[in-house]
Amino acid sequence: MGTYHAGSLAVQELMGVRDRADHVGRSLGQDIKPVAAAFLELQPLLITGAADPGTGRVWASALTGSPGFVRATGPRQMSVAGGAAAGDPLTAALTTPGTHLGTIALDPRTRRRMRLNGRLRSTARGFAVEADQVFSNCPKYIQRRESYETVADRLPGRPLRLTELGPEQQEFIRAADTFFLATVHPGGADVSHRGGNPGFVTVTSAGELTWPDYSGNAMFLTLGNLRTDPRTGLLFLDWTTGTTLQLTGEAHTEFTDGGERRVRFTLGAALWTPAALPLRWSAPEYSPANPDIAR
(Lines give C-alpha, C1' and ligand atoms only; values in the text may rest on other atoms or scores of the structure.)
Protein backbone atom coordinates (compact mmCIF):
# COMPACT_ATOMS: atom_id res chain seq x y z
CA MET A 1 0.00 0.00 0.00
CA GLY A 2 1.17 3.55 -0.73
CA THR A 3 1.41 6.39 1.76
CA TYR A 4 -2.35 6.99 1.58
CA HIS A 5 -5.27 4.68 0.92
CA ALA A 6 -8.28 5.55 -1.26
CA GLY A 7 -10.29 7.15 1.56
CA SER A 8 -7.60 9.68 2.48
CA LEU A 9 -6.87 10.42 -1.17
CA ALA A 10 -10.56 11.15 -1.78
CA VAL A 11 -10.76 13.60 1.13
CA GLN A 12 -7.52 15.29 0.07
CA GLU A 13 -8.93 15.76 -3.44
CA LEU A 14 -12.21 17.11 -2.03
CA MET A 15 -10.33 19.64 0.10
CA GLY A 16 -7.85 20.55 -2.66
CA VAL A 17 -4.73 19.65 -0.67
CA ARG A 18 -3.24 16.73 -2.60
CA ASP A 19 0.08 18.48 -3.25
CA ARG A 20 0.45 19.51 0.36
CA ALA A 21 -0.50 16.02 1.56
CA ASP A 22 2.17 14.48 -0.67
CA HIS A 23 4.76 16.79 0.87
CA VAL A 24 3.66 16.15 4.46
CA GLY A 25 3.37 12.43 3.78
CA ARG A 26 7.14 12.17 3.42
CA SER A 27 7.27 12.25 7.23
CA LEU A 28 5.53 8.87 7.42
CA GLY A 29 7.93 5.96 7.71
CA GLN A 30 8.44 2.64 9.42
CA ASP A 31 11.58 3.41 11.41
CA ILE A 32 11.57 4.53 15.04
CA LYS A 33 14.28 7.17 15.05
CA PRO A 34 16.47 7.67 18.16
CA VAL A 35 14.64 10.88 19.14
CA ALA A 36 11.33 9.02 18.92
CA ALA A 37 12.68 6.10 20.94
CA ALA A 38 13.84 8.50 23.66
CA PHE A 39 10.42 10.18 23.67
CA LEU A 40 8.59 6.88 24.12
CA GLU A 41 10.64 5.87 27.16
CA LEU A 42 9.58 9.02 29.03
CA GLN A 43 5.85 8.42 28.71
CA PRO A 44 3.52 7.13 31.46
CA LEU A 45 0.53 6.94 29.07
CA LEU A 46 -0.14 5.21 25.76
CA ILE A 47 -3.47 5.31 23.91
CA THR A 48 -4.32 2.29 21.77
CA GLY A 49 -7.08 1.67 19.26
CA ALA A 50 -8.30 -1.42 17.40
CA ALA A 51 -11.32 -3.44 16.38
CA ASP A 52 -12.44 -6.08 18.86
CA PRO A 53 -11.82 -9.43 17.15
CA GLY A 54 -15.08 -10.84 18.48
CA THR A 55 -17.59 -8.05 17.89
CA GLY A 56 -15.82 -5.94 15.27
CA ARG A 57 -16.49 -2.82 17.31
CA VAL A 58 -13.69 -0.25 17.40
CA TRP A 59 -12.53 1.02 20.79
CA ALA A 60 -9.80 3.29 22.16
CA SER A 61 -8.14 2.46 25.48
CA ALA A 62 -5.53 4.02 27.77
CA LEU A 63 -2.55 2.05 29.07
CA THR A 64 -0.39 3.42 31.88
CA GLY A 65 2.86 2.47 33.59
CA SER A 66 6.11 3.80 34.93
CA PRO A 67 8.18 5.53 32.23
CA GLY A 68 9.91 2.80 30.27
CA PHE A 69 6.85 0.56 30.11
CA VAL A 70 6.69 1.61 26.45
CA ARG A 71 9.96 1.49 24.54
CA ALA A 72 11.51 0.82 21.18
CA THR A 73 13.01 -2.68 21.09
CA GLY A 74 14.12 -2.57 17.47
CA PRO A 75 14.33 -0.13 14.57
CA ARG A 76 10.71 -0.95 13.67
CA GLN A 77 9.33 -2.42 16.89
CA MET A 78 7.70 -0.92 19.97
CA SER A 79 7.18 -3.08 23.06
CA VAL A 80 4.68 -2.52 25.86
CA ALA A 81 4.90 -4.10 29.30
CA GLY A 82 1.48 -5.04 30.61
CA GLY A 83 -1.85 -4.74 28.86
CA ALA A 84 -5.42 -3.58 29.24
CA ALA A 85 -7.17 -3.64 32.60
CA ALA A 86 -9.60 -6.45 33.33
CA GLY A 87 -12.87 -5.86 31.53
CA ASP A 88 -11.44 -3.33 29.10
CA PRO A 89 -13.04 -3.58 25.64
CA LEU A 90 -9.63 -4.01 23.98
CA THR A 91 -8.46 -6.89 26.17
CA ALA A 92 -9.05 -9.46 23.42
CA ALA A 93 -7.49 -7.29 20.70
CA LEU A 94 -4.35 -6.69 22.77
CA THR A 95 -3.83 -10.42 23.23
CA THR A 96 -4.60 -11.54 19.66
CA PRO A 97 -1.52 -11.87 17.41
CA GLY A 98 -1.87 -10.06 14.11
CA THR A 99 -4.29 -7.41 15.40
CA HIS A 100 -4.07 -4.13 13.48
CA LEU A 101 -3.26 -1.66 16.25
CA GLY A 102 -3.07 2.12 16.29
CA THR A 103 -1.21 3.90 19.08
CA ILE A 104 -0.47 7.46 20.11
CA ALA A 105 1.88 8.68 22.83
CA LEU A 106 1.02 12.25 23.81
CA ASP A 107 3.07 14.25 26.31
CA PRO A 108 1.15 17.25 27.69
CA ARG A 109 4.34 18.51 29.34
CA THR A 110 6.03 19.20 26.01
CA ARG A 111 2.91 19.28 23.77
CA ARG A 112 4.47 16.56 21.61
CA ARG A 113 2.78 13.47 20.19
CA MET A 114 3.90 10.43 18.28
CA ARG A 115 1.80 7.87 16.43
CA LEU A 116 2.87 4.31 15.68
CA ASN A 117 0.59 1.91 13.82
CA GLY A 118 1.22 -1.71 12.95
CA ARG A 119 0.51 -5.33 13.79
CA LEU A 120 0.53 -6.79 17.27
CA ARG A 121 2.33 -9.85 18.52
CA SER A 122 2.24 -11.18 22.07
CA THR A 123 5.36 -11.16 24.26
CA ALA A 124 6.21 -12.58 27.68
CA ARG A 125 5.73 -9.16 29.29
CA GLY A 126 2.83 -7.83 27.23
CA PHE A 127 2.86 -7.17 23.52
CA ALA A 128 4.92 -5.64 20.73
CA VAL A 129 3.89 -3.73 17.62
CA GLU A 130 5.72 -4.21 14.33
CA ALA A 131 5.53 -0.74 12.83
CA ASP A 132 3.89 0.04 9.49
CA GLN A 133 3.67 3.79 10.15
CA VAL A 134 5.63 6.01 12.54
CA PHE A 135 5.23 9.76 12.59
CA SER A 136 4.95 12.82 14.79
CA ASN A 137 2.38 15.61 14.66
CA CYS A 138 2.60 19.32 15.37
CA PRO A 139 1.62 20.60 18.84
CA LYS A 140 -1.61 22.19 17.58
CA TYR A 141 -4.60 21.83 19.92
CA ILE A 142 -2.62 20.03 22.67
CA GLN A 143 -3.24 21.53 26.11
CA ARG A 144 -0.07 21.89 28.16
CA ARG A 145 -0.03 20.16 31.53
CA GLU A 146 3.29 20.81 33.21
CA SER A 147 3.51 17.82 35.52
CA TYR A 148 1.86 14.64 36.73
CA GLU A 149 1.97 12.33 39.71
CA THR A 150 1.05 8.68 40.13
CA VAL A 151 -1.61 8.21 42.80
CA ALA A 152 -0.54 4.85 44.21
CA ASP A 153 -3.63 4.26 46.36
CA ARG A 154 -6.19 5.16 43.68
CA LEU A 155 -8.45 2.18 43.02
CA PRO A 156 -10.61 1.99 39.89
CA GLY A 157 -14.35 2.13 40.45
CA ARG A 158 -16.80 -0.42 39.12
CA PRO A 159 -17.06 -0.11 35.31
CA LEU A 160 -20.53 0.83 34.11
CA ARG A 161 -21.69 -0.34 30.68
CA LEU A 162 -24.11 2.00 28.94
CA THR A 163 -26.18 2.09 25.77
CA GLU A 164 -26.80 5.83 26.06
CA LEU A 165 -25.16 8.77 27.80
CA GLY A 166 -26.58 9.84 31.14
CA PRO A 167 -26.38 13.40 32.53
CA GLU A 168 -23.02 12.73 34.24
CA GLN A 169 -21.41 11.38 31.08
CA GLN A 170 -22.85 14.20 28.96
CA GLU A 171 -21.40 16.84 31.29
CA PHE A 172 -18.08 14.96 31.31
CA ILE A 173 -17.91 15.30 27.53
CA ARG A 174 -18.92 18.96 27.51
CA ALA A 175 -16.12 19.75 29.98
CA ALA A 176 -13.45 17.91 27.97
CA ASP A 177 -10.57 19.74 26.29
CA THR A 178 -9.13 16.55 24.77
CA PHE A 179 -10.25 13.20 23.44
CA PHE A 180 -8.77 10.38 21.38
CA LEU A 181 -10.27 8.90 18.25
CA ALA A 182 -9.63 5.35 16.99
CA THR A 183 -10.44 4.44 13.38
CA VAL A 184 -9.67 1.56 11.02
CA HIS A 185 -9.22 0.86 7.32
CA PRO A 186 -8.67 -2.37 5.37
CA GLY A 187 -4.92 -2.27 5.96
CA GLY A 188 -4.63 -1.05 9.52
CA ALA A 189 -5.78 1.03 12.49
CA ASP A 190 -4.98 4.51 13.78
CA VAL A 191 -5.47 6.67 16.87
CA SER A 192 -5.52 10.44 16.64
CA HIS A 193 -5.89 13.29 19.12
CA ARG A 194 -8.56 15.97 19.12
CA GLY A 195 -8.29 19.04 21.32
CA GLY A 196 -10.00 22.37 21.86
CA ASN A 197 -11.41 24.62 24.52
CA PRO A 198 -14.04 22.97 26.76
CA GLY A 199 -17.29 22.84 24.85
CA PHE A 200 -15.74 22.01 21.49
CA VAL A 201 -17.54 18.65 21.58
CA THR A 202 -21.32 19.04 21.40
CA VAL A 203 -23.68 16.48 22.92
CA THR A 204 -26.71 16.61 20.65
CA SER A 205 -28.58 13.75 22.35
CA ALA A 206 -28.02 10.78 24.66
CA GLY A 207 -26.71 8.87 21.67
CA GLU A 208 -25.00 11.43 19.46
CA LEU A 209 -22.00 13.80 19.57
CA THR A 210 -20.55 16.25 17.07
CA TRP A 211 -17.29 18.16 16.91
CA PRO A 212 -15.54 20.45 14.41
CA ASP A 213 -12.61 19.04 12.48
CA TYR A 214 -10.03 21.79 12.89
CA SER A 215 -7.38 22.44 10.25
CA GLY A 216 -4.39 20.14 10.55
CA ASN A 217 -1.64 18.51 8.52
CA ALA A 218 -3.71 17.89 5.35
CA MET A 219 -3.09 14.12 5.42
CA PHE A 220 -6.68 13.39 6.51
CA LEU A 221 -5.80 9.96 7.85
CA THR A 222 -8.72 9.90 10.28
CA LEU A 223 -11.34 11.35 7.93
CA GLY A 224 -9.99 9.09 5.20
CA ASN A 225 -10.51 6.07 7.41
CA LEU A 226 -14.06 7.20 8.20
CA ARG A 227 -14.79 7.53 4.50
CA THR A 228 -14.00 3.82 4.00
CA ASP A 229 -15.19 2.45 7.36
CA PRO A 230 -17.36 4.44 9.81
CA ARG A 231 -16.57 2.27 12.84
CA THR A 232 -15.09 4.51 15.52
CA GLY A 233 -13.87 4.44 19.12
CA LEU A 234 -13.61 7.51 21.34
CA LEU A 235 -11.79 7.91 24.64
CA PHE A 236 -12.43 10.82 27.00
CA LEU A 237 -10.44 11.02 30.23
CA ASP A 238 -10.34 13.22 33.28
CA TRP A 239 -6.72 14.33 33.69
CA THR A 240 -7.22 14.89 37.43
CA THR A 241 -9.37 12.01 38.69
CA GLY A 242 -8.37 9.38 36.11
CA THR A 243 -12.00 8.64 35.19
CA THR A 244 -12.44 7.39 31.61
CA LEU A 245 -15.36 7.26 29.20
CA GLN A 246 -14.95 4.90 26.24
CA LEU A 247 -17.44 5.06 23.38
CA THR A 248 -17.86 2.88 20.32
CA GLY A 249 -20.11 3.54 17.36
CA GLU A 250 -20.02 5.07 13.90
CA ALA A 251 -18.89 8.49 12.70
CA HIS A 252 -19.49 10.41 9.48
CA THR A 253 -18.01 13.68 8.24
CA GLU A 254 -20.18 16.55 7.06
CA PHE A 255 -18.53 18.93 4.57
CA THR A 256 -19.73 22.48 3.90
CA ASP A 257 -19.31 24.57 0.76
CA GLY A 258 -16.99 26.85 2.72
CA GLY A 259 -14.53 24.04 3.38
CA GLU A 260 -15.48 23.51 7.02
CA ARG A 261 -15.92 20.00 8.37
CA ARG A 262 -17.93 18.55 11.24
CA VAL A 263 -17.91 14.95 12.43
CA ARG A 264 -21.12 13.34 13.70
CA PHE A 265 -20.78 10.30 15.98
CA THR A 266 -23.61 7.88 16.76
CA LEU A 267 -23.17 5.82 19.92
CA GLY A 268 -23.33 2.02 19.90
CA ALA A 269 -22.09 1.32 23.45
CA ALA A 270 -20.09 2.97 26.21
CA LEU A 271 -17.97 2.08 29.23
CA TRP A 272 -17.68 4.53 32.14
CA THR A 273 -14.91 3.75 34.66
CA PRO A 274 -14.37 6.06 37.65
CA ALA A 275 -10.71 6.50 38.70
CA ALA A 276 -9.58 4.11 35.97
CA LEU A 277 -6.11 5.65 35.58
CA PRO A 278 -3.59 6.30 38.39
CA LEU A 279 -2.26 9.55 36.88
CA ARG A 280 -3.12 13.02 38.16
CA TRP A 281 -1.97 15.88 35.93
CA SER A 282 -1.65 19.57 36.69
CA ALA A 283 -4.20 22.11 35.44
CA PRO A 284 -4.18 22.79 31.69
CA GLU A 285 -2.82 25.73 29.77
CA TYR A 286 -5.01 25.78 26.69
CA SER A 287 -3.35 25.73 23.30
CA PRO A 288 -3.16 29.14 21.61
CA ALA A 289 -4.32 27.39 18.42
CA ASN A 290 -7.71 26.49 19.92
CA PRO A 291 -10.55 28.38 18.22
CA ASP A 292 -12.92 30.24 20.51
CA ILE A 293 -16.12 28.38 21.29
CA ALA A 294 -19.35 30.20 20.51
CA ARG A 295 -21.74 29.92 23.44
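None of the values given here were measured: they were computed from a predicted structure. (Residues numbered from 1 in each chain as written. Predicted model: local features only at pLDDT ≥ 70, side-chain atom pairs only at ≥ 80, totals over all residues. Heavy atoms only, no water.)

Q: Explanation requested: the packing of helix α1 (residues 6-15) against helix α5 (residues 221-228) in the structure shown.
A: Between two packed helices, the angle of one axis relative to the other and the distance separating the axes together describe the packing. The interhelical angle for the contact between α1 and α5, taken along N-to-C directions, is 115°, at an axis separation of 7 Å. As the angle between them shows, α1 and α5 are arranged roughly perpendicular. For α1 against α5, the interelement crossing comes out right-handed. Counting all contacts with α1, which are made through G7, S8, A10, V11 and L14, the residues of α5 involved are L221, L223, G224, R227 and T228. Partitioning the contact of α1 with α5 into residue classes produces 5 nonpolar, 4 polar and 1 charged. (Axes fitted to C-alpha atoms, helices over the stretch in contact; angles between N-to-C directions. Helix = DSSP H or I, 4+ residues; strand = E, 2+ residues; numbered from the N terminus. Parallel < 35°, antiparallel > 145°, perpendicular 65-115°, else oblique. Left-handed = near helix turned anticlockwise from the far one by under 90°. Contact = heavy atoms within 4.5 Å. Nonpolar A, V, L, I, M, F, W, Y, C, P; charged D, E, K, R; others polar.)

Q: How should the pattern of salt bridges be read in this particular structure?
A: Once their charged atoms are close, side chains differing in charge can pair, the charge on each being opposite to the other. Following the criterion strictly, the structure yields 14 salt bridges and no others. For R76, the salt bridge goes to D31, with nearest N and O atoms at 2.7 Å. Residue R76 is located in the loop between β3 (70-74) and β4 (77-81), and its partner D31 is located in the loop between α2 (18-24) and α3 (34-40); the two are separated by 45 residues in the primary sequence. Taking the relative accessible area as the measure of exposure, R76 reaches 39% and is therefore partly exposed. Between R280 and E149 there is a salt bridge whose closest N-O contact spans 2.9 Å. Of this pair, R280 sits in strand β17 (residues 279-281) while E149 sits in strand β8 (residues 148-150), placing them 131 residues apart in sequence. By sharing partners, the salt bridges in this structure join E13, R18 and D22 into a single network. (Salt bridge = Lys/Arg side-chain N within 4 Å of Asp/Glu carboxyl O. Buried < 20%, exposed > 50% of the residue type's maximum accessible area, 1.4 Å probe, protein only.)

Q: Any chance you could explain helix α4 (residues 167-174) here in plain terms?
A: Side chains that are three or four residues apart share a direction in an α-helix, a result of its 3.6 residues per turn. Residues Q169, Q170, F172 and I173 constitute the buried set of α4. On an axial view of α4, the arc spanned by its buried residues comes to 155°, and they lie on one face. The exposed residues of α4 that point more than 90 degrees off its buried face are P167 and E168. Contacts from the buried residues of α4 go to β9 (160-162), β12 (202-205), β13 (208-212), β14 (231-237), β15 (244-255) and β16 (261-273). (Arc of directions from axis to C-beta.)

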